Amino acid sequence: MRRIVYDVAVSRDGFIAGPNGDVSIFPHTGDHVDAYKERLASYSTVIMGRKTYEVGYQFGLPAGAKAYPHMRHLIFSKGIELPADAEVEVVRSDFVPRVKALKEEQGGDIYLCGGGKFAGLLASHKLIDLLRLKIAPVLCGAGTPLMDDLTSRIGLMAKSSKHYVNGVEYCEFTLQ
């Protein structure tokens, strides 16, 4: 069975984006970024919600294009509009059964890129296997939470951690 890995930057107070989807709050250079890029090479599929996918538009990603060229892309959204020749797949309904089926397919780890509501849905259904946090030395106070709308408390088991000179802390957890 394939693992779903939620590999995400997060503020010290638990937000994956600041107000209005602001991701400039996170350090975008340093050894932690190099380590993240190395991990990206190990994922064969990426899954995300509409808002996370559309963040790429701010950085020049054309609608329907792959954000990570070597990965299969599935965008989970009831309302996203993409061109007919899109390189990405859109899942418009039955999110949980579709993710369960995806885990049963052959292939490498599945990268859960975001966002907070989608991650909360998957965590509530015990579908996230590994949580990889790049904890930034910043407090947002508001924004997109790491996991939104959890239906119950989820325990974490620490696997590893590493501190970077720029203040970013990398932590891995399995979800209980």
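Each remark here, short or long, concerns the structure printed above.
Cut-off values and rules
- Residues numbered from 1 in each chain as written.
- Predicted model: local features only at pLDDT ≥ 70, side-chain atom pairs only at ≥ 80, totals over all residues.
- Heavy atoms only, no water.
- Pairing = 2+ DSSP bridges.
- Helix = DSSP H or I, 4+ residues; strand = E, 2+ residues; numbered from the N terminus.
- Axes fitted to C-alpha atoms, helices over the stretch in contact; angles between N-to-C directions.
- Contact = heavy atoms within 4.5 Å.
- Polar contact = N/O pair within 3.5 Å; in protein donor to acceptor, adjacent residues only side chain to side chain.
- Phe/Tyr/Trp six-rings, centres within 6.5 Å; stacked < 30°, edge-to-face > 60°.
- Buried < 20%, exposed > 50% of the residue type's maximum accessible area, 1.4 Å probe, protein only.
- Core = buried A, V, L, I, M, F, W, Y, C linked by side-chain atoms within 4.5 Å.
- 1 Å grid on protein atoms, 1.4 Å probe; cavity = no way out; pocket = protein on both sides within 12 Å on 5 of 7 lines; lining within 4 Å.
- Points joined across faces, edges and corners; volume = space filled by probe spheres on them.

Side note on the sheet that holds strand S10 (residues 169–175)
Taken in spatial order, the eight strands of this open sheet run S5-S4-S3-S6-S1-S7-S10-S9, and their pairing is mixed. Each of the sheet's edge strands pairs with one partner strand only, and the pair in question is strand S5 (89–91) and strand S9 (156–163). Shown here is a sheet whose adjacent strand axes are inclined to one another by a mean of 25 degrees, direction ignored. In the sheet, strand S4 (residues 72–76) pairs with S5 via three bridges, with the strands oriented parallel. Bridged to Ile-75 within S5 is Val-90. Against the sheet, helix H1 (residues 31–40) makes contact with strand S1 (4–11), strand S3 (43–49), strand S6 (109–114), strand S7 (130–136) and S10, and its axis sits at roughly 155 degrees relative to S7, the strand it touches most.

Let's talk about the environment of Lys-134
Among the secondary structure elements, Lys-134 is positioned in strand S7. Side chain to side chain, Lys-134 and Asp-7 meet in a polar contact 2.7 Å long.

Considerations on the packing of aromatic side chains
Taken as a whole, this structure holds seven aromatic pairs when the rule is applied. Their ring planes at 70 degrees and their centres at 5.6 Å tell us that Tyr-68 and Tyr-111 sit as a pair that is edge-to-face. Here Tyr-68, found in the loop between helix H2 (50–55) and S4, pairs with Tyr-111, found in strand S6; they are 43 residues apart in sequence, far enough to count as distant. Here Tyr-68 falls in the buried class, since its relative accessible area comes to 16%. On the basis of relative accessible area, Tyr-111 is assigned to the buried category, the value being 2%.

Some words on the nonpolar core
Judged by nonpolar contacts, the single largest core of 30 residues is most densely connected at Tyr-6, Ile-47, Leu-112, Ile-128 and Met-147. Looking at this core, the elements that each hand over two or more residues are S1, S4, helix H3 (95–104), S6, helix H4 (116–124), S7 and S10. Tyr-36, Leu-40, Leu-61 and Leu-82 belong to the second largest nonpolar core, which has 18 residues in total.

Some points on the layout of surface pockets
Reported here for the largest pocket is a volume of approximately 1500 Å³. Around the largest pocket, the lining comprises 48 residues; the ones closest to its centre are Ile-16, Val-23, Thr-52, Val-55 and Cys-113.

Some words on unusual backbone geometry
The amide bond that connects Gly-114 to the next residue, Gly-115, takes the cis arrangement and shows omega of 5 degrees. Considering the arrangement of structural elements, one finds Gly-115 in the loop between S6 and H4. Positive phi values are uncommon outside glycine, yet Asp-149 reaches one of about 60 degrees. Taking relative accessible area as the criterion, Asp-149 reaches 51% and is therefore assigned exposed.

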